[in-house]
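The primary structure of each chain is shown beneath.
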Amino acid sequence: MSGTHRAIAAIKKQLGPKLCIMGHHYQNDAVVRHCDIVGDSLELARRVPDVDAAHIVFCGVYFMGESAALLTRPGQGVHLPDPDADCIMSRMSPAPLARKVLEQLSATGRKVLPLAYVNTTVALKAVVGEYGGAVCTSANAATMLRWALEQSDSVLFLPDKNLGENTANALGLDKSQRHVLRLCSRGLQDPAAPEQARKLLLWPGCCAIHARFKPQDVARMRAAHPGCRIIAHPECRQEVINACDGAGSTSFLIQEAARVAAATPSTPLVIGTENNLVHRLAKRHPDCRILSLGQALCPDMAKVTEEKLLQQLERIVNATAVPLEVPPALLAPARLSLTRMLDACARLP
Ligand code: 13P
Ligand code: SF4
């Protein structure tokens, strides 16, 4: 055991139930081994309200810590080992621009409901909350898109165009009912464009890491590993997902790996997502051949290291840690967008 590992274990023992370390599946193994709770975005959000610890250390990117902070109780603080770890996609739908677009779309008198991927800033979540919308994650995007479609003329899905398209495909929403918005710094390039009356309006954002996978990667792996099963995260382009055998959140990919390893371990399993997770699954199931669809490392997830986790824990012990603060004016509307998701998912199939 390294000195860092030992020091973290000692602080965990010292703080006991006052500390809870949460981590996303994309964190590296040296960090994951210290986490009390590991999950995908949905599981982590769901678990926060039941955490009693005063100090929640969140190993993940900034928006995940912010979402946790929205769901904490008074007296609890959320800490990020590296506040510079920031999901690139979460910056692709700036709140003032999204507000402008919603104003323009609603000016026609149509009811346009925003549905925001959880990979967004708290300011964006607040705009969504104000407009009656909700958040979704990759694990519940289909449920939440159905929820939003049922109570609106159009849904504005943001910022991940790929997750939006893949979810619409899964629901069988015709392509003629979708439109990728054309934006400029003033909002919509053409506020009168007739395509903007379609059922699903997609913000033109994406995850640069998952967008790297191409349909050719799927074809290459099928040729190199005959009979393989290929699954991927729905942040990948729709051409990639359509060529795969299955798609779902990081938790789905983990469950699929366990299922294939138990049922048909001779089937090579190719996974298209962030490589830390794929490598962990390959180690966890050594009897099954688990391969990555290609190179995909999220540089921001990688900013969280075991050393930075230790430094953050030391600051908590020394009482010099500053918890993540959500601007008070954003708290209620942003929380509403998240609790609408948690409530809808508790009710709907
Ligand atoms: P999950 O919703 O599957 O946890 O994914 C979050 C994410 O950032 C994927 O890139
Ligand atoms: Fe954001 Fe993509 Fe990194 Fe996930 S993998 S945190 S979506 S940049």
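In case you missed it, the structure is sitting above this.
Here we summarise the structure given alongside this text.

Notes on empty space enclosed by the protein
- Under the definition given, this model contains two cavities of 30 Å³ or more.
- Each pocket or cavity is described by its volume, and for the largest cavity that value is around 280 Å³.
- For the largest cavity, the lining is made up of 24 residues, of which Y26, C87, N119, E235 and M301 are closest to its centre.
- The space that makes up the second largest cavity amounts to roughly 70 Å³.
- Forming the walls of the second largest cavity are S41, L44, A45, V48, F58, F63, M64, S67, A68 and V118.

Side note on the site of ligand 1
- Taken together, H24, Y26, D40, S41, Y117, N119, S138, H210, H233, E235, S249 and T250 make up all the residues around ligand 1.
- Between ligand 1 and S138 there is a distance of 2.8 Å, counted from an oxygen atom to a side-chain nitrogen or oxygen.
- Within the backbone of T250, a nitrogen or oxygen atom sits 2.9 Å from an oxygen atom of ligand 1.
- In the complex, the protein chains occlude 95% of the 310 Å² of accessible area that ligand 1 would expose alone.
- Put simply, ligand 1 lies in the largest cavity.

Some words on the packing of helix α7 (residues 141-150) against helix α8 (residues 161-171)
- In contact at an axis separation of 9 Å, α7 and α8 are set at 80 degrees when each is read in the N-to-C sense. Considering their axes alone, α7 and α8 lie roughly perpendicular with respect to each other. Along the contact surface, α7 presents A141, A142, L145, R146 and L149, while α8 presents L163, T167, A168 and L171.
- Across the contact of α7 with α8, the residue classes tally to seven nonpolar, one polar and one charged.

Notes on the nonpolar core
- Of all hydrophobic cores here, the largest spans 99 residues; its most connected members are L115 and M144.
- Residues within four places of L115 in sequence aside, it is in contact with A134, V135, C136, M144, L145, A148, V155, L156, F157 and L158.
- By size, the runner-up hydrophobic cluster in this structure holds 18 residues, among which are V101, L102, L124 and L156.

A few points about the site of ligand 2
- Lining the immediate surroundings of ligand 2 are Y26, C87, I88, M89, N119, C207, I209, H210, E235, C298 and M301.
- Assessed atom by atom at 2 Å from the grid points, ligand 2 resides in the largest cavity.
- Considered class by class, the residues forming the shell around ligand 2 number eight nonpolar, two polar and one charged.

Some points on the sheet that holds strand β4 (residues 77-79)
- With parallel pairing, four strands are arranged side by side in an open sheet as β2-β1-β3-β4. With partners counted over all chains shown, the strands left at the sheet margins are β2 (37-39) and β4, one partner each. Going across the sheet, the axis of each strand differs from the next one's by a mean of 20 degrees, ignoring polarity.
- Taken together, the three bridges between strand β1 (residues 19-24) and β2 define a ladder with parallel strand orientation. Bridging from a neighbouring strand, M22 pairs with I37 of β2.

The rules behind the values
Residues numbered from 1 in each chain as written. Chains lettered and ligands numbered in written order. Predicted model: local features only at pLDDT ≥ 70, side-chain atom pairs only at ≥ 80, totals over all residues. Heavy atoms only, no water. 1 Å grid on protein atoms, 1.4 Å probe; cavity = no way out; pocket = protein on both sides within 12 Å on 5 of 7 lines; lining within 4 Å. Points joined across faces, edges and corners; volume = space filled by probe spheres on them. Near = heavy atom within 4 Å. Polar contact = N/O pair within 3.5 Å; in protein donor to acceptor, adjacent residues only side chain to side chain. Areas by Shrake-Rupley, 256 points an atom, 1.4 Å probe, with all protein chains shown as cover. Sits in = over half its atoms within 2 Å of the grid points. Axes fitted to C-alpha atoms, helices over the stretch in contact; angles between N-to-C directions. Helix = DSSP H or I, 4+ residues; strand = E, 2+ residues; numbered from the N terminus. Parallel < 35°, antiparallel > 145°, perpendicular 65-115°, else oblique. Contact = heavy atoms within 4.5 Å. Nonpolar A, V, L, I, M, F, W, Y, C, P; charged D, E, K, R; others polar. Core = buried A, V, L, I, M, F, W, Y, C linked by side-chain atoms within 4.5 Å. Buried < 20%, exposed > 50% of the residue type's maximum accessible area, 1.4 Å probe, protein only. Pairing = 2+ DSSP bridges.

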